[in-house]
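Letter by letter, the chains look like this.
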Amino acid sequence: MTGVIPRQQAIRDARAVLDRALARIARDRAAGRLSPEHELIVRRIERDQQAATAPHRAAA
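Remember, predicted model here, so these are calculated numbers, not experimental data.

Asks: Mind laying out the overall build of the protein, listing which residues take part and the relevant values?
Replies: Across its full length, the protein carries 2 helices and 0 strands. Computed over its C-alpha atoms, the radius of gyration of the protein comes to 17 Å, more than 25% above the 10 Å expected for a compact globule of 60 residues. Projecting the C-alpha coordinates of the protein onto the three principal axes gives extents of approximately 55 × 40 × 15 Å. Residue burial in the protein is summarised as follows: out of 60 residues, 5% are buried. By element, 59% of the accessible surface of the protein is carried by carbon and sulfur atoms, the whole surface being about 5,800 Å². For the protein, the separation between the mean place of its 12 positive charges and that of its 7 negative charges on side chains is 3 Å.

Asks: Can you tell me about the pattern of salt bridges, naming the residues and giving the values?
Replies: Under the criterion given, the structure shown has 6 salt bridges. In this structure, the salt-bridge partner of R29 is E39, at a minimum N-O distance of 2.9 Å. Of the two residues, R29 is situated in helix 1 (residues 7-30) and E39 in helix 2 (residues 36-53); the sequence distance between them amounts to 10 residues. Residue class for E39 comes out buried when judged on its relative accessible area of 18%. Across the pair R43 and E39 runs a salt bridge, and its minimum N-O distance is 3.1 Å. Of this pair, R43 and E39 both sit in helix 2, 4 residues apart, which is roughly one turn of that helix. The class of R43 is exposed, set by a relative accessible area of 51%.

Asks: Would you mind going over the environment of I11 in detail, with residue names and values included?
Replies: Structurally, I11 can be placed in helix 1. On the basis of relative accessible area, I11 is assigned to the partly exposed category, the value being 40%. With 12 residues separating them along the chain, I11 and A23 place their C-alpha atoms 18 Å apart.

Asks: I'd like a description of a nonpolar patch on the surface, backed by residues and values.
Replies: Together, L18, L22 and I25 line one region of the surface with nonpolar side chains, adding up to about 240 Å² of accessible area. Here L22 lies in helix 1.

Asks: An account of the environment of E37 is needed here, citing residue identities and associated values.
Replies: Examined against the element boundaries, E37 turns out to sit in helix 2. A sequence separation of 16 residues divides E37 from A21, and the C-alpha atoms of the two residues are 18 Å apart.

Rules and cut-offs
- Residues numbered from 1 in each chain as written.
- Predicted model: local features only at pLDDT ≥ 70, side-chain atom pairs only at ≥ 80, totals over all residues.
- Heavy atoms only, no water.
- Helix = DSSP H or I, 4+ residues; strand = E, 2+ residues; numbered from the N terminus.
- Rg over C-alpha atoms; globule rule 2.2 N^0.38 Å.
- Buried < 20%, exposed > 50% of the residue type's maximum accessible area, 1.4 Å probe, protein only.
- Areas by Shrake-Rupley, 256 points an atom, 1.4 Å probe, with all protein chains shown as cover.
- Lys, Arg positive; Asp, Glu negative; His and termini not counted.
- Charge placed at Lys NZ, Arg CZ, Asp CG, Glu CD.
- Salt bridge = Lys/Arg side-chain N within 4 Å of Asp/Glu carboxyl O.
- Patch = residues over 30% accessible without salt bridge, like charges linked within 9 Å, V, L, I, M, F, W, Y side chains within 5 Å.

Put into structure tokens, the structure is as follows:
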């Protein structure tokens, strides 16, 4: 029987995988290896992340 992976360990493992993927994308982007379509996708994701983390402005 296998043991249960603690929640914190699962989060650390998932974060490590995500960090490696983001580092690879950044290296490929810096080296100009992303296709124009993939560059557009990355820019769109970055824009969406900035909008999600920016403080919301009250309507005037």
